[in-house]
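Observations on the three-dimensional arrangement
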Amino acid sequence: VNFDIHAPLSPNELKELNTQLSNANVDEILRWAHDQFPNKLVQLTSFGPTGMVVLHKLYQLGILSDVPVVTIDTLHLFPETYNFMNDVGARYKAMKLSVHSPNGFYDRPEFDEHYSSNLWKTNPDKYAYLSKLEPMERAMEDMRPSALLTGRRKTQGGEREKLTIVEVDNLDNRRFKINPLVEWTYDDVWSYIRKHKIPYNPLHDRGYKSIGDVMTTVPIDPNADERSGRFVGLNKTECGMHSHLEKIHKMKEEAEKNKYEFIAPTLECTYCEEADATNFDEIVLNAKRDILLEFYSPYCSGCQEMAPIYDKIAFALHSLYEKITVVRFDITENEIPQSGKDVGMDVEVTPSLYLVQHSTPSIEVALFEGGHDFGSLMEWLELKTSYITPSAMQV
């Protein structure tokens, strides 16, 4: 692969990277990832069949000790799963395993006593956040990886049918997800496991194709979709961590509905104006000055890291307030108004930054595709405008 990877990648750059990797086999993809992200590559797994294939291949390639393994323990897994995780650790001694559980809890009885044993059923989104999303966010904050290896495949269906080898992580647009088995089928995975005598969770021999929490996982017919035995009764086919923004939004609605406190992180920006669906046209599209606009989520780790930089930019540009205003739009609270979409605004990852210029007869909208640091963004703004210069700004 002849590609200078950096984050964030533009859609065209991501497409080109996936094209270059399309003919690589799994071993080549893993070696490329290992070399491309030294000391910043992490395997994310629940020790399912595909995760075990990836782990075994890392072991065979002699690079398992260089790739930490992260797993989320919801505290509600099967006893067989906990025993299997211990067996994996005993067999693959080079594995550096990091287990993350619900914050402040050490076992299921303690968690259930605090939140009730039926939280998974009465408020599945809150349960998903406490048991999966929050531990995952903490893991990413602790380890700060540049790329995550997953075992996800297209043939698992649902949201995964459109998977590519390399994706931008929707939790942080400076981090990548790498899916080396993306083109493998269910039969491909199990043929490899049997051929190489790779250990697997004994529950698979009892009719469980995909294994999660004990309350929401059931055996299924051998011919059924492999993930149809997951999230039983919850109308879900995707783990909480893979649809971050959508699930956070639902959780907030549930919090209001069920009258429990759900406190969002606060990202300070003293000189920023806040836009939402009700004032978007007034503040952004009908302004008499240019607008630097950030679409963000306070739950996104990339947005949290960007916050002090954006605050610094807002301060630096405050002396030019009559010419440019720095604005934020929280997309966990609001969808982009149709008027914004009509002028070309779209948010696939957060944070996303746009410059909206009103100095011409028609509005011009430009997406910032550079690095999320003060210097890169200010250099871009200087190139796009005639009035932003080092001498004109506060420092």
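This structure is a prediction, so every number in the text was calculated from the model and none was measured.

Regarding the pattern of salt bridges
Following the criterion strictly, the structure yields ten salt bridges and no others. Ionic pairing is found between glutamate 183 and lysine 154, a salt bridge with its closest N-O pair at 2.9 Å. Here the residue glutamate 183 occupies a position in the loop between β6 (176–178) and α8 (186–195), and lysine 154 occupies one in the loop between β4 (147–149) and β5 (166–168), the gap between them amounting to 29 residues. The exposure class assigned to lysine 154 is partly exposed, which follows from its relative accessible area of 27%. Aspartate 172 serves as the salt-bridge partner of arginine 174, at 3.4 Å between the closest nitrogen and oxygen. Judged by its relative accessible area of 23%, arginine 174 is partly exposed. The exposure class of aspartate 172 is buried, given its relative accessible area of 7%. Through salt bridges with shared partners, a single network forms among Asp169, Asp172, Arg174 and Arg175.

Points about the nonpolar core
Counting 46 residues, the largest nonpolar core has Trp32, Phe47, Leu149, Val166 and Ile178 as the members making the most contacts within it. If near-sequence neighbours (up to four positions away) are discounted, leucine 149 is found in contact with Leu30, Ala33, Leu41, Val42, Gln43, Leu44, Val54, Leu58, Val67, Ile178 and Pro180. One finds Cys272, Ile313, Leu353 and Leu381 within the second-largest nonpolar core, a separate group that totals 21 residues.

Observations concerning the packing of aromatic side chains
As enumerated under the stated definition, the model contains 16 aromatic pairs in all. Plain terms: the ring middles of tyrosine 271 and phenylalanine 315 are 5.7 Å apart, the flat faces sit at 50° to each other, and that makes the pair tilted. Taken as a pair, tyrosine 271 in the loop between α9 (244–258) and β7 (273–275) and phenylalanine 315 in helix α11 (residues 301–317) lie far apart in primary sequence, 44 residues in all. Ring geometry for phenylalanine 295 and phenylalanine 329: centres 5.3 Å apart, planes at 65°, overall edge-to-face. Of this pair, phenylalanine 295 sits in strand β8 (residues 290–296) while phenylalanine 329 sits in strand β9 (residues 324–330); the two residues are 34 residues apart in sequence, bridging distant segments of the chain. Grouped by ring-pair contacts, the aromatic residues Phe105, Phe111, Tyr115 and Tyr127 constitute a single cluster. Geometry around tyrosine 321 places arginine 289 over its ring, the cationic atom sitting 4.6 Å from the centre.

Structural notes on the state of the cysteines
Within this structure, the stated rule accounts for one disulfide. Covalent S-S linkage joins cysteine 269 and cysteine 272, the inter-sulfur distance amounting to 1.8 Å. Of note, the bridge from cysteine 269 to cysteine 272 carries an S-S torsion of about 45° and is right-handed in sense. The pair cysteine 269 / cysteine 272 is uniform in exposure class, with both members buried.

Quick notes on the environment of glutamate 141
Along the chain, glutamate 141 turns up in helix α7 (residues 124–143). Glutamate 141 gets classed as partly exposed once you look at its relative accessible area, which sits at 47%. C-alpha of glutamate 141 to C-alpha of glycine 302: the two residues are 161 residues apart in sequence and 9.7 Å apart in space.

A short note on unusual backbone geometry
Working note: non-glycine residues mostly have negative phi, and peptide bonds are mostly trans. Of note in the backbone geometry, phenylalanine 47 takes a positive phi value of approximately 65° without being a glycine. Position of phenylalanine 47 relative to the elements: it lies in the loop between β1 (41–44) and α3 (49–60). Assessed through its relative accessible area of 3%, phenylalanine 47 is described here as buried. Despite not being glycine, leucine 75 has its phi angle at roughly 75°, a positive value. Its place among the elements puts leucine 75 in the loop between β2 (69–72) and α4 (79–91).

Thoughts on the environment of proline 79
Position of proline 79 relative to the elements: it lies in helix α4. For the pair formed by proline 79 and valine 214, sequence separation is 135 residues and the distance between their alpha carbons is 8.8 Å.

What about the sheet that holds β5?
Overall, mixed pairing links the six strands, which are arranged β3-β2-β1-β4-β6-β5 in an open sheet. Where the open sheet ends on each side, the last strands, each with one partner, are β3 (97–100) and β5. For this sheet, the mean angle separating the axes of adjacent strands, direction not counted, is 30°. Relative to β6, β5 runs antiparallel, the two being bridged by three bridges. Within the sheet, the bridge partner assigned to valine 168 lies in β6 and is phenylalanine 176. Sheet strands touched by α3: β1, β2 and β4. Its angle to β1, the strand with the most contacts, is close to 145°.

What to know about the pairing of β1
Strand residues, when the strand is regular, have side chains that alternate between the two faces of the sheet. Of the two faces of β1, the one holding Leu41 and Gln43 and the one holding Val42 and Leu44 are both buried throughout. Direction of pairing for β1 relative to β4: parallel, over a ladder of three bridges. Within β4, the residue paired with leucine 41 across the bridge is alanine 147.

Side note on the confidence of the model for the protein chain
Looking at the protein chain, pLDDT values average 85 and 84% of them are 70 or higher. When the criterion is pLDDT under 50, residues 227–244 qualifies, and its contacts beyond four places in sequence or with other chains add up to 62 contacts.

Some thoughts on α3
Over its twelve residues, α3 runs 16 Å from end to end, which matches the ideal 16 Å to within 8%, given 1.5 Å per residue. Most of α3 sits inside the fold, with ten of its twelve residues counted as buried. Those residues of α3 not exposed but buried are Pro49, Thr50, Gly51, Met52, Val53, Val54, Leu55, His56, Lys57 and Leu58. On its buried face, α3 is in contact with α2 (26–36), β1, β2, α4, β4 and α8.

The rules we used
- For every chain, the first residue of its written sequence is number 1, and the numbers climb from 1 along that sequence.
- Per-residue local features of the predicted model are confined to residues with pLDDT of at least 70, and side-chain atom pairs are confined, for both listing and counting, to 80 or more; whole-chain, interface and lining totals are unaffected and use all residues.
- Excluding hydrogens and water, the side-chain figures rest on all heavy atoms present in the structure.
- Salt bridges are counted wherever a side-chain nitrogen of Lys or Arg sits within 4 Å of a carboxyl oxygen of Asp or Glu.
- A helix here means a DSSP run of H or I that spans at least four residues, while a strand means a run of E at least two residues long, and both kinds are numbered starting from the N terminus.
- Relative accessible area decides the class of each residue, using a 1.4 Å probe on protein chains only: under 20% of the type maximum gives buried, over 50% gives exposed, and in between gives partly exposed.
- By nonpolar core is meant a set of buried Ala, Val, Leu, Ile, Met, Phe, Trp, Tyr and Cys residues that side-chain atoms within 4.5 Å join together.
- For this analysis, residues touch if any pair of their heavy atoms sits within 4.5 Å.
- Here is the rule: rings of Phe, Tyr and Trp (six-membered ring for Trp) pair when centre to centre is within 6.5 Å. Planes less than 30 degrees apart are stacked, more than 60 are edge-to-face, and the remainder are tilted.
- Both a distance and an angle decide whether a charge sits over a ring: NZ of Lys or CZ of Arg must be within 6 Å of the ring centre and within 35 degrees of the ring normal.
- Any two cysteine sulfur atoms lying within 2.5 Å of each other are counted as a disulfide.
- Only when DSSP finds a minimum of two bridges between them are two strands counted as paired.
- A fitted line through C-alpha atoms serves as each axis, taken over the contacting stretch for helices, and the angle formed by two N-to-C directions is quoted from 0 to 180°.
- The quantity called pLDDT is the predictor's confidence in a given residue, expressed from 0 to 100.
- Take the residue count of a helix, subtract one, and multiply by 1.5 Å to get its expected span.

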